[in-house]
Amino acid sequence: MSKVGETTLVLDLSALEHNYHYLQSKIKPTTKFLGVVKAFAYGSDTIAIAQKLEQLGVDYLAVAYVNEGVLLRDAGIKTPILVLHPLVANFEEMIEQCLEPSIYSKNILNQFLEVAQEKEQSQYPLHIKFNTGLNRLGFSESDIDFITQKCKSNGNVKIVSAFSHLAASEDLNERDFSLNQINSFKILSDSLSKKLGYAPMRHMLNTSGIINYPEAQFEMVRSGIGLYGYGNQAEIDEQLKPVATLKTIISQIHEIGANQSVGYNRAFKSTNIIRSATLPIGHADGIGRQYGKGKGSVIINGKKAPIIGNVCMDMIMVDVTEIKCQAGDEVIVFGPANSADKFASTANTISYEILTAISQRVKRQVINK
Ligand SMILES: *Cc1c(COP(=O)(O)O)cnc(C)c1O
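Here the residue index of a chain counts from 1 through its sequence in written order. The predicted origin of the model limits local features to residues at a pLDDT of at least 70 and limits the giving and counting of side-chain atom pairs to 80 or more, whereas totals for whole chains, interfaces and linings rest on all residues. As a rule here, side-chain values come from all non-hydrogen atoms in the structure, and water together with hydrogens is ignored.

Attention now goes to the domain arrangement of the chain. Split into domains, the chain comes out as domain 1 (31-228) and domain 2 (244-367). Segment limits for the domains were obtained from an automatic or database-derived domain assignment. Of note, the centres of domain 1 and domain 2, computed from C-alpha atoms alone, are 38 Å apart. Here a residue-residue contact requires only that any non-hydrogen atoms of the pair lie within 4.5 Å. Facing the eight residues of domain 1 at the interface are eight residues of domain 2. Values labelled buried area give the accessible surface lost by two parts on being combined, using a 1.4 Å probe and summing over both. For domain 1, the biggest contributors to the area lost against domain 2 are Y42, G43 and I225; these three give 52% of the whole. Put simply, a salt bridge is a Lys or Arg side-chain nitrogen that is within 4 Å of an Asp or Glu carboxyl oxygen. Summed over the shared surface of domain 1 and domain 2, the number is zero salt bridges. N or O atoms closer than or at 3.5 Å make up a polar contact, with two conditions inside protein: a donor-capable atom paired with an acceptor-capable one, and, for residues adjacent in sequence, both atoms drawn from side chains. Inspection of the region where domain 1 meets domain 2 yields two residue pairs in polar contact (both at pLDDT 80 or more). Each helix corresponds to a stretch of at least 4 residues labelled H or I by DSSP, and each strand to a stretch of at least 2 residues labelled E; elements are numbered beginning at the N terminus. Of the residues forming the side of domain 1 that touches domain 2, the biggest block, four residues, is contributed by helix α2 (residues 38-43). Residues that form the side of domain 1 that touches domain 2 fall into these classes: five nonpolar, two polar and one charged. Each residue is assigned to one class: nonpolar for Ala, Val, Leu, Ile, Met, Phe, Trp, Tyr, Cys and Pro, charged for Asp, Glu, Lys and Arg, and polar for all the others, Gly among them.

Written as structure tokens, this is what we have:
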């Protein structure tokens, strides 16, 4: 893999391709695939990832907010884009950019219908979101009559899908709860189809859903984290390839005598002589302070170097006493050699959070296009 001269998030598109094919192998060939590219494609590079997914033949893309979809359209992405959490303020722009809303409440439906009529739309695609237990966004059973009354004979819009989201697809202790959600979704979507007089496409599974509940794949699945190489369980992680590797270099090495301290607030105190390396990456780049004080470790020349003291805005210091290294040597924060999931767990969080935390200050380098 490429050497870097500054803090860089290296994005390996051949890993993305591998993950896409792996996830597809878990579903029927006729099931459609939606790639989730919200939050800068899980902190990576929205456009590079979306272009690759489009090239691989993905059926749909999804973002959380309208501005994320606009970015994709501006880059020439033609694939249908579902916006998971549209807000009324963006409805006009949404229609202008051909972005398809998740409709999750009566108010959102009413307001979208108004804008679709003003803008003289015909059969504008809508996606109906059902709440089956996550209790975040979505309609309930008692709203179905309202939805069908509003949409059935309204030529401005067309309901193209019905969907829901599992609350604990990665947690097999919650299997009964998940099966219940799947069952509720079947009932809700059947009722919607019956009342509409046609059957919109149905989708419910995220990455862990694809792995743990393939029987609920319906007509489409929605994968995010799996595409980026993480499966929320060790056996699946083994089959996937991390797309992102966060690399940096050593800026300076210090010999720290006994009874000295390192960093702000003297959070690290040496009892023996140690060697520390200062790295040009800090909490402004996404490595939060919770990784400091010995929790997170980076990899230098194949060995683990724990972060010592407090994480600074632009730098961290790591203990390299046992590692042969010098200024300019490469450092891996996470990637295939130091899983983002494991790195995240040192600060009691999950791969999703560390991946999406990598700030826009960090250079992106796309390889294996
Ligand atoms: C983010 C998101 C996904 C993707 O979930 P992963 O666990 O990353 O696969 C799917 N569906 C919805 C509604 C989401 O918000």
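Counting buried positions along strand β5 (residues 99-103) yields five of five residues, so the element is predominantly enclosed. A two-sided burial pattern is seen for β5, the buried positions comprising L99, P101 and I103 on one face and E100 and S102 on the other. One ladder, built from three bridges, connects strand β4 (residues 81-83) with β5; its direction is parallel. Within β5, the position partnered with V83 by the bridge is P101. The handedness rule is simple: strands pointing away from the viewer, and a clockwise path from the first strand over the helix to the second, make the crossover right-handed. Once you follow β4 into helix α5 (residues 91-96) and on to β5, the crossover reads as right-handed. When a residue's accessible area, from a 1.4 Å probe over protein chains only, is under 20% of the maximum for its type it is buried; when over 50% it is exposed; and in between it is partly exposed. Strands were regarded as paired on the criterion that DSSP finds at least two bridges between them.

A separate point is the pairing of strand β10 (residues 244-249). The element β10 is largely enclosed, with a buried count of six among its six residues. Here β10 shows no split at all, with A244, L246 and T248 on one side and T245, K247 and I249 on the other all buried. Of the strand pairs in this sheet, strand β1 (residues 8-12) and β10 are connected by four bridges, and their pairing is antiparallel. In the sheet register, L11 faces β10, and the bridge partner there is A244. Here β10 pairs with strand β18 (residues 330-334) via four bridges, running antiparallel. Counted as the bridge partner of K247 is I332 from β18.

Take the site of the ligand next. Not every one of the 13 residues close to the ligand is listed here, only the nearest: K38, Y42, T207, I225 and Y352. Y42 places a polar side-chain atom, nitrogen or oxygen, 2.5 Å from an oxygen atom of the ligand. A distance of 3.2 Å is found between an oxygen atom of the ligand and a side-chain nitrogen or oxygen belonging to N206. For the ligand, the protein covers 94% of the area, taking 390 Å² as the surface of the free molecule. When residues of the shell around the ligand are traced back to their parent elements, those giving at least two are α2 and β9 (220-223). Split by residue class, the shell around the ligand holds five nonpolar, five polar and three charged. Near residues are defined by distance, with any heavy atom within 4 Å of the molecule or strand qualifying the residue. Calculation of accessible area relied on Shrake-Rupley with a 1.4 Å probe; when residues are assessed, cover is drawn exclusively from the protein chains displayed.

By secondary structure assignment, the location of N156 is in the loop between α7 (144-151) and β7 (157-163). We classify N156 as buried; its relative accessible area is 16%. Note: C-alpha distance between N156 and L84 (72 residues apart in sequence) is 20 Å. Leave out the neighbours within four places in its chain, and N156 touches A116, Q117, Q121, S122, Q123 and Y124.

Attention shifts here to helix α3 (residues 46-56). Those residues of α3 lying buried are T46, A48, I49, A50, K52, L53 and L56. Residues of α3 that are buried make contact with α1 (13-25), β2 (32-36), α2, β3 (60-63), α4 (66-74) and β19 (363-367). The positive-phi residue at the C-terminal boundary of α3 is G57, with phi of around 95 degrees.

Attention shifts here to unusual backbone geometry. Non-glycine residue A39 carries a positive phi angle of around 50 degrees. Given the relative accessible area of 30%, A39 is considered partly exposed. Positive phi outside glycine occurs at N265, with the angle close to 60 degrees. Positionally, N265 belongs in the loop between β12 (261-262) and β13 (268-269).

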